[in-house]
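Below, each chain spelled out in residue letters.
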Amino acid sequence: MEGFMKGIFSVSEWLMRLMYVNILWIVFTLLGLVVLGFFPATTAMFAIVRKWVMKEELPVFKTFWTTYKSEFLRSNLLGLIIIVFGFFMYSNIKIVEATTVPLLKLVYIPNVILILIYSLTLLYIFPVLVHFDIGLKGVVKNAIVLMTVNPIATFTMAVLTSFFYFILYQFPGLIPFFSGSVPAFLLMFFCSHVFTKILHEQQGKGLRGSETPI
């Protein structure tokens with residue numbers, strides 16, 4: 001019974017943690033009028049869950065606010081890159097779907113593949129951003145490489161994230177409490193294992209440091 005109660009307490013504690021950081025994510029997204037707040041708030045949320053995955057305790061609000069401020073410009077610039085590329089690919093696919101030119105129809109499948117690569121790369125973008133001390137070009141490069149060389153982890157992350165959002169679709173009342181924090185935790189959990197694997201491979205080759213990017 002004592003072990004069971006400890007388990008219940010642990011689960012409740014984690015639910016409260018995830019709810020708290022999710023509410024912070026929403027509040028700080030709104031603080032930046034959504035457009036300017038979403039990417040810094042998302043970066044701060046991933047920074048928090050990264051520490052949790054690494055089993056490190058931290059003052060949640062203080063860390064969230066500090067990361068939000070320090071990463072405000074950089075994360076918004078990254079967000080602009082994400083949006084521009086996403087809009088470009090969306091426009092391309094719509095043009096190809098609407099065209100009657102047979103030659104243009106041939107690029108439909110390559111465009112779909114590009115959109116798939118783009119979507120899967122997004123799974124790694126924020127974990128890489130908060131884990132490695134590198135520039136935005138390095139963030140994008142590392143995210144693409146990690147997505148490509150770790151197909152099992154990438155597939156698992158995509159399936160679990162999709163399944164979780166399917167649950168939210170069925171139970172929309174959970175959205176204010178877990179819509180960002182749970183996917184962030186799942187992605188950071190799997191990415192941390194990928195990062196550790198890369199680290200061990202680098203150390204085996206005699207490369208430096210625990211934060212060495214690819």
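Above this note sits the structure.
Given the structure is predicted, the values throughout are model-derived calculations rather than measurements. (Residues numbered from 1 in each chain as written. Predicted model: local features only at pLDDT ≥ 70, side-chain atom pairs only at ≥ 80, totals over all residues. Heavy atoms only, no water.)

## Quick notes on the environment of Tyr-169
(1) Moving on: Summarising the element assignment, Tyr-169 is placed in helix H8 (residues 151–170).
(2) Moving on: For Tyr-169, a relative accessible area of 68% puts it in the exposed group.
(3) Moving on: When the C-alpha atoms of Tyr-169 and Leu-129 are compared, they prove to be 28 Å apart, with 40 residues separating the residues in sequence. (Helix = DSSP H or I, 4+ residues; strand = E, 2+ residues; numbered from the N terminus. Buried < 20%, exposed > 50% of the residue type's maximum accessible area, 1.4 Å probe, protein only.)

## Details of the pattern of salt bridges
(1) Moving on: Tallied over the entire structure, the rule returns five salt bridges.
(2) Moving on: One salt bridge in this structure joins Arg-17 and Glu-57, with 3.2 Å as the shortest N-O distance. Separated by 40 residues along the polypeptide, Arg-17 in helix H1 (residues 2–31) and Glu-57 in the loop between helix H2 (38–53) and helix H3 (60–70) bring together distant segments of the chain.
(3) Moving on: What makes Arg-17 buried here is its relative accessible area of 17%.
(4) Moving on: Residues Glu-97 and Lys-94 are paired through a salt bridge, measuring 3.7 Å at the closest nitrogen-oxygen approach. Here the residue Glu-97 and the residue Lys-94 both occupy positions in helix H4 (residues 72–98), the gap between them amounting to three residues, near one helical turn.
(5) Moving on: In this structure Glu-97 comes out as partly exposed when scored by relative accessible area, which is 40%.
(6) Moving on: Judged by relative accessible area, Lys-94 falls into the partly exposed class, the value being 39%.
(7) Moving on: Three or more residues joined by partner-sharing salt bridges are found here, namely Glu-13, Arg-17 and Glu-57. (Salt bridge = Lys/Arg side-chain N within 4 Å of Asp/Glu carboxyl O.)

## Observations regarding the nonpolar core
(1) Moving on: In terms of nonpolar packing, the biggest core is built from 48 residues, with Phe-46, Trp-52, Phe-64, Tyr-124 and Val-128 touching the most fellow members.
(2) Moving on: Among the elements of the structure, H1, H2, H3, H4, helix H6 (108–131), helix H7 (136–149), H8 and helix H10 (181–204) are those that each provide at least two residues to this core.
(3) Moving on: Element by element, the count of residues in this core is highest for H2, at 10 residues.
(4) Moving on: What Phe-46 contacts, discounting residues up to four positions off in sequence, is Phe-126, Pro-127, Val-130, Ala-184, Leu-187 and Met-188. (Core = buried A, V, L, I, M, F, W, Y, C linked by side-chain atoms within 4.5 Å. Contact = heavy atoms within 4.5 Å.)

## A short note on a nonpolar patch on the surface
(1) Moving on: A grouping of Leu-77, Leu-80, Ile-81, Val-84 and Phe-85 is seen on the molecular surface, where their side chains present a nonpolar patch of about 450 Å² in accessible area.
(2) Moving on: Considering the arrangement of structural elements, one finds Phe-85 in helix H4. (Patch = residues over 30% accessible without salt bridge, like charges linked within 9 Å, V, L, I, M, F, W, Y side chains within 5 Å. Areas by Shrake-Rupley, 256 points an atom, 1.4 Å probe, with all protein chains shown as cover.)

## Looking at the side chain of Thr-161
(1) Moving on: Mapped onto the elements, Thr-161 comes out in helix H8.
(2) Moving on: Given a relative accessible area of 11%, Thr-161 falls into the buried group.
(3) Moving on: Beyond its immediate stretch of four places on either side in the chain, Thr-161 contacts Leu-123 and Leu-187.

## Overview of unusual backbone geometry
(1) Moving on: The phi angle at Leu-33 is positive, at roughly 55°, despite the residue not being glycine.
(2) Moving on: Judged by its relative accessible area of 71%, Leu-33 is exposed.
(3) Moving on: Unusually for a residue other than glycine, Val-34 sits at a positive phi of about 65°.
(4) Moving on: Within the secondary structure layout, Val-34 lies in the loop between H1 and H2.

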